[in-house]
Amino acid sequence: MRIAIIGGGSVGLLFAHYLNENHEVLVYVRNSSQLQKLRENGLTMERNGIRRNTRVKACHFSEWKGEEDLTIVAVKQYSIPELAGDLLKMDACKTGSFLFLQNGMGHLKWAEMLEADNLFAGSVEHGALKTASDTVLHTGIGVTKVAAVKGDVDFLKKISDSASCFFPFIFVGDPLEMLIQKLIVNSLINPLTAVLRVRNGELLSNKFYYRLFLKLFDEVSAILNIPDKAAALSHVESVCKETGMNRSSMLKDIEEGRETEIDAILGYILKEAEMKNMSAPYTESLYCQIKGRERGK
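Residues numbered from 1 in each chain as written. Predicted model: local features only at pLDDT ≥ 70, side-chain atom pairs only at ≥ 80, totals over all residues. Heavy atoms only, no water.

Turning our eyes to something else, we now look at the pattern of salt bridges. Across all of its chains, the model carries 13 salt bridges by this definition. In this structure, Arg2 and Glu24 form a salt bridge, with 3.4 Å as the shortest nitrogen-oxygen distance. With Arg2 in strand E1 (residues 2-6) and Glu24 in strand E2 (residues 24-29), this residue pair connects regions lying 22 residues apart in the sequence. Residue classification places Arg2 among the partly exposed residues on the basis of a relative accessible area of 29%. When its relative accessible area of 30% is taken as the criterion, Glu24 is described as partly exposed. (Salt bridge = Lys/Arg side-chain N within 4 Å of Asp/Glu carboxyl O. Helix = DSSP H or I, 4+ residues; strand = E, 2+ residues; numbered from the N terminus. Buried < 20%, exposed > 50% of the residue type's maximum accessible area, 1.4 Å probe, protein only.)

If you want it as structure tokens, here you go:
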């Protein structure tokens, strides 16, 4: 299968490494410096202290024409409006197949504007860290859950059947339920670790941080009307444990002075709370602290 990956962040590079093992992958980026490094050095992936370098085809985003069998959109949520605007100007978006891998919920409305044959949403539960424009660390082995927004997930069987044991795929039925589950994880781990400046596991091991963790979970799960709160809490805690030594993407964004995805995560929760006339003091406090630190940078 020929696969296009739009986005050269940690998730895009991680997918490029593993999918390139059995498919023809083309990585599309906007940054000219990153493009040059990928072309000159190839892509380096490190897992458990072992580094592997592979050659990948790298192109500037302006060269994307939608000729691949599948296009994976791996940019951050806040880049989706601009990217979707660019895609909608091209005839290629009226056919083909797209897989969106963003956190939050806002990308769905943009994805559904594409008149594609197949539209998929994915939830990535791997730990990944980009240490250079051509290097990614696989810091935590998880799964990628995929659901069809439009079309048939059987289209992706070639990918799942050939996937590495370190990079498995799971197909689920309801994209909204899948994304809500991921949203709960992101709503707790990302902002709390970013504000407290701690690794994921410390949210559980420090009893005071854990009290805050539980207060925020109660608030978010009530706003989202989660039916099985015990299962949802167990899932978030398991992700915390499995990625215990990881620094969340939002913490890294704050530390490196980048824009975060807080609007797509807690911003969405706050809008839901407002529509339902519900109080959200913990969510609003964390949201304002993250936005303030963004502005401060």
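Past the structure itself, the notes keep going.
Overall, the coordinates contain eight aromatic pairs when judged by the stated rule. Each ring, one from Phe167 and one from Phe169, has its centre 5.7 Å from the other, and the planes form 80°; the classification is edge-to-face. The burial state of Phe167 is the same as that of Phe169; both residues are buried. Three or more aromatic residues link up through ring pairs in this structure, and these residues are Phe15, Tyr18, Phe167 and Phe169. In this structure, Arg47 is placed above the aromatic ring of Phe166, and the distance from its NZ or CZ to the ring centre is 3.6 Å. (Phe/Tyr/Trp six-rings, centres within 6.5 Å; stacked < 30°, edge-to-face > 60°. Lys NZ or Arg CZ within 6 Å of the ring centre and 35° of its normal.)

This next bit is on the pairing of strand E4 (residues 50-54). As defined by bridge partners, strand E3 (residues 43-47) adjoins E4 across five bridges and the pair is classed as antiparallel. Of the residues in E4, the one forming a bridge with Thr44 is Asn53. Linking two consecutive strands that pair antiparallel, namely E3 and E4, is a turn of two residues; a positive phi of about 55° is found at Asn48 within it. (Pairing = 2+ DSSP bridges.)

Right, let's talk about the environment of Ala128 for a bit. Mapped onto the secondary structure, Ala128 falls in strand E9 (residues 127-132). Counting along the chain gives 11 residues from Ala128 to Thr139, while the straight-line C-alpha distance between them is 5.3 Å. Among all residues touching Ala128, those that are not within four sequence positions of it are Ser10, Leu14, Val136, Leu137, Thr139 and Lys252. (Contact = heavy atoms within 4.5 Å.)

Here the focus is the packing of helix H8 (residues 207-223) against helix H9 (residues 229-242). Direction vectors running N to C along H8 and H9 enclose 135°, while the axes themselves pass 11 Å from each other. By the angle between their axes, H8 is oblique relative to H9. Crossing handedness for the pair H8 and H9: right-handed. Here Tyr210, Phe213, Leu214, Phe217, Ser221 and Ala222 of H8 lie close against H9, whose contacting residues are Lys229, Ala232, Leu233, Val236, Glu237 and Cys240. A per-class count over the contact of H8 with H9 returns nine nonpolar, one polar and two charged. (Axes fitted to C-alpha atoms, helices over the stretch in contact; angles between N-to-C directions. Parallel < 35°, antiparallel > 145°, perpendicular 65-115°, else oblique. Left-handed = near helix turned anticlockwise from the far one by under 90°. Nonpolar A, V, L, I, M, F, W, Y, C, P; charged D, E, K, R; others polar.)

Another point: the sheet that holds E9. The mixed open sheet is built from four strands, whose spatial order is E4-E3-E10-E9. Only two strands of the sheet have a single partner each, and these edge strands are E4 and E9. Averaged over all neighbouring strand pairs, the angle between strand axes comes to 25°, with direction disregarded. Relative to strand E10 (residues 135-140), E9 runs antiparallel, the two being bridged by five bridges. The residue of E10 that forms the bridge with Ala132 is Thr135. Across the face of the sheet, helix H1 (residues 10-19) comes into contact with E3, E4, E9 and E10 while running at roughly 90° to E3.

Here the protein chain shows a mean pLDDT of 93. Residues at 70 or above account for 98%. The least confident element of the protein chain, judged by mean pLDDT, is helix H4 (residues 107-111) at 86; the most confident is H8 at 98. (pLDDT = per-residue confidence, 0-100.)

Here we come to H9. Counted at 1.5 Å a residue, the expected span for H9 with its 14 residues is 20 Å, and the 20 Å between its end C-alpha atoms agrees. Taken as a whole, H9 has its buried residues at Ala232, Leu233, His235, Val236, Glu237, Val239 and Cys240. Buried positions along H9 lie against strand E11 (144-150), helix H6 (175-196), helix H7 (202-205) and H8. (Expected span 1.5 Å × (residues − 1).)

This brings us to the pairing of E3. Both faces of the sheet carry side chains from a regular strand, because those side chains alternate between them. Of all five residues in E3, four are buried, a share of seventy percent or more. Bridge count for E3 against E10 is three bridges, and the pairing is parallel. Its bridge partner being in E10, Glu46 is matched across the sheet by Leu137.

With that settled, consider the packing of H6 against helix H11 (residues 262-275). Two elements in contact, H6 and H11, have axes whose closest approach is 10 Å; the angle formed by their N-to-C orientations is 110°. Taken together, the axes of H6 and H11 lie roughly perpendicular to each other. Within the contact between the two elements, H6 uses Leu183, Asn186, Ser187, Asn190 and Pro191 and H11 uses Ile262, Ala264, Ile265, Leu266, Tyr268 and Ile269.

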